[in-house]
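Chains, contacts and geometry: an overview
For reference, the chains in residue letters:
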Amino acid sequence: MQGVFFEITMDYFYTTSTSTIPNCIVEADKKLHNILVRHAHFYNYLLPKYSDDSYKRLIDKGETPTFNYLPFSGSKANELLEPINKLEFDDQHPMGIELEKLIKNIKLWVHAITERTPAAFYELNLNSGWYDFNFLLEESMLKDIREGKGFYNCSAPWPREYDFFESQDKDRNASMSSTKLIAILKKELQHRGFKFWKVRQSKHMASPVTVVNGKRLIIVKSNLEFKKEIISRIIFHELDGHVHRRHNGLKQQLRCFDSGLARSSFTEEGLAMVTEEKAVGLDLSNMQNLFWLSKAISMADDANFYEIFDFLRNRIGDYHAWSGALRLKRGLESSQKGCLALDNAYLLGRHCVKDWLHDGGDIKHLYTGRVGIDNPVGDWLKEGWVSLQPVPDIWDVKQ
């Protein structure tokens with residue numbers, strides 16, 4: 001899971017480039033990054049706070065939880081937007097166009113978490129490309145998922161053995177605490193040469209594991225037990241998907257390749273899904289849950305929290321329905337219609353990335369940084385605006 005969050009990035013991570021990107025764009029990109037460092041902590045304002053017994057009361061009595069949010073005030077919005085509006089650069093240059101798209105996306109995020117209306121979130125979803133339901137075929141697609149048709153069928157070995165499991169324990173369903181998972185992630189980061197990264201835990205999370213944008217930080221949800229097979233998936237998904245692209249983006253001249261280009265989220269999540277699948281095979285249960293979550297997104301503009309929960313509970317069970325409804329309604333009141341459709345990026349992104357690779361797309365292009373499959377990375381490479389970077393071993397690419 002990739003978090004929507006910007007934080008500080010140290011200058012010494014960046015390498016010198018001899019590219020021909022106009023200096024006005026390089027400077028604007030740097031200023032934009034510094035603005036985001038100071039003011040754009042979007043993830044903090046998306047997580048709803050609710051009483052500890054909310055889930056029990058929903059199940060037992062059908063009571064919809066009441067959400068409270070950290071307010072993103074008008075003054076905070078102005079602190080972020082005023083310096084952005086003063087940026088000057090060549091918006092006709094291809095890299096300038098990318099900056100302009102990113103700025104538009106930032107403004108839509110600010111509008112959504114400031115206003116907290118279904119209309120504001122709808123506009124954000126639409127601009128981000130999360131409202132593409134062409135891939136949501138009829139129930140035949142769910143049948144294909146259940147039967148595992150058309151998917152990678154290879155399996156990488158468990159990355160490394162650790163003493164957190166008894167040596168004689170061969171059960172891949174054995175579980176471990178979040179604290180032990182953090183220790184494994186730290187060792188895996190070190191093994192991959194990803195320096196300066198930290199792993200922490202927090203109870204205020206929508207996902208079990210999140211890579212925080214713009215910060216060398218992975219957050220693990222506390223008080224959870226993680227099965228051994230899930231840990232293997234987490235390693236390939238989070239480290240070889242998200243972290244590796246972030247690490248490579250640091251080596252480009254423009255900092256937007258680290259923070260992420262506009263509309264790159266479906267590639268970000270899709271590539272992480274495909275990488276995980278290529279490494280350890282298809283997670284049928286998760287795929288079915290994502291299918292129904294995408295179905296719920298398609299109806300969320302006309303449904304409140306309880307209606308989304310009720311739709312999902314009959315298909316994926318009470319707990320996953322609760323979790324799914326919470327994720328879809330992030331940023332909104334539980335009584336409101338509408339949603340944050342970011343979770344559509346998983347299934348949509350997976351299909352888009354797989355199709356793109358099947359049609360001859362070069363996996364090395366996707367690891368130049370946090371780019372999307374729609375970005376003309378090949379052209380940028382020819383111009384010298386970006387450079388190729390190492391690809392995770394799972395892709396078996398000649399470096």
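Everything in this summary refers to the structure shown in the same document.

So, on to the environment of valine 274. Within the element layout of this structure, valine 274 appears in helix α10 (residues 265–280). The exposure class of valine 274 is buried, given its relative accessible area of 0%. Spatially, the C-alpha atoms of valine 274 and phenylalanine 236 are 9.7 Å apart, while their sequence positions differ by 38 residues.

Turning our attention to the sheet that holds strand β4 (residues 217–221). Pairing within the open sheet is mixed, and its three strands lie in the order β2-β4-β3. Of all the strands in the sheet, just β2 (198–202) and β3 (209–212) have a single pairing partner and so form its edges. Sheet twist, expressed as the average angle between the axes of neighbouring strands with direction ignored, equals 25°. In terms of strand pairing, β2 meets β4 through five bridges, oriented parallel. The residue bridging arginine 200 from the neighbouring strand is isoleucine 219, located in β4. Across the sheet, helix α7 (residues 178–191) is in contact with β2, β3 and β4; its angle to β2 comes to roughly 165°. Contacts from helix α8 (residues 228–249) reach β3 and β4, with the element oriented near 5° to β3.

Listed in full, the buried residues belonging to helix α13 (residues 318–328) are Ala321, Trp322, Gly324, Ala325, Leu326, Arg327 and Leu328. Considering only its buried residues, α13 is in contact with α2 (54–61), α11 (284–299), α12 (305–316) and α14 (344–358).

So, about the pairing of β3. Consecutive side chains of a regular strand alternate in pointing toward one face of the sheet and then the other. The side-chain alternation of β3 yields two buried faces, one formed by Val209 and Val211 and the other by Thr210 and Val212. Where β3 and β4 come together, four bridges link them in antiparallel fashion. Across the sheet, the residue bridging to valine 209 is valine 220, located in β4.

Leu32, Leu80, Ile106, Phe257, Leu312, Trp380 and Trp395 are the most contacted members of the largest nonpolar core, which totals 91 residues. Among the elements that make up this core, the one with the highest residue count is helix α4 (residues 94–115) (10 residues). Those residues in contact with leucine 32 that lie beyond four places of it in its chain are Ile84, Leu87, Leu99, Leu102, Ile103 and Ile106. Met176, Val199, Ile234 and Leu239 belong to the second largest nonpolar core, which has 19 residues in total.

Moving on to the environment of phenylalanine 121. By secondary structure assignment, the location of phenylalanine 121 is in helix α5 (residues 118–128). Residue phenylalanine 121 is classed as buried on the basis of its relative accessible area, which comes to 0%. For the pair formed by phenylalanine 121 and glycine 331, sequence separation is 210 residues and the distance between their alpha carbons is 8.6 Å. Setting aside chain neighbours within four positions, we find phenylalanine 121 in contact with Leu46, Ala112, Arg116, Arg330, Gly331, Leu332, Cys339 and Leu340.

Take the pattern of salt bridges next. Tallied over the full model, the rule gives 18 salt bridges. Measuring nitrogen to oxygen at the nearest pair gives 3.1 Å for the salt bridge that ties aspartate 318 to arginine 313. Close ionic contact of arginine 330 with aspartate 343 constitutes a salt bridge, the shortest N to O distance being 3.2 Å. Linking arginine 330 in the loop between α13 and α14 with aspartate 343 in the loop between α13 and α14, this pair joins segments that are 13 residues apart in sequence.

Before going further, it helps to examine the side chain of histidine 365. Mapped onto the elements, histidine 365 comes out in helix α15 (residues 363–366). A relative accessible area of 18% places histidine 365 in the buried class. Excluding residues within four positions of it along the chain, histidine 365 makes contact with Trp356, Val371, Val377, Gly378, Leu381 and Leu388.

Another point: helix α3 (residues 74–85). Here α3 contains 12 residues, and its C-alpha end-to-end distance of 16 Å stays within 8% of the 16 Å for a straight helix at 1.5 Å per residue. When α3 is considered as a whole, its buried residues turn out to be Ala77, Leu80, Leu81 and Ile84. Summarising the axial view, the buried residues of α3 lie within an arc of 85°, below the 170-degree limit, and thus occupy one face. Those residues of α3 that are buried are in contact with α1 (23–39) and α4.

About the criteria used
Residues numbered from 1 in each chain as written. Predicted model: local features only at pLDDT ≥ 70, side-chain atom pairs only at ≥ 80, totals over all residues. Heavy atoms only, no water. Helix = DSSP H or I, 4+ residues; strand = E, 2+ residues; numbered from the N terminus. Buried < 20%, exposed > 50% of the residue type's maximum accessible area, 1.4 Å probe, protein only. Pairing = 2+ DSSP bridges. Axes fitted to C-alpha atoms, helices over the stretch in contact; angles between N-to-C directions. Contact = heavy atoms within 4.5 Å. Core = buried A, V, L, I, M, F, W, Y, C linked by side-chain atoms within 4.5 Å. Salt bridge = Lys/Arg side-chain N within 4 Å of Asp/Glu carboxyl O. Expected span 1.5 Å × (residues − 1). Arc of directions from axis to C-beta.

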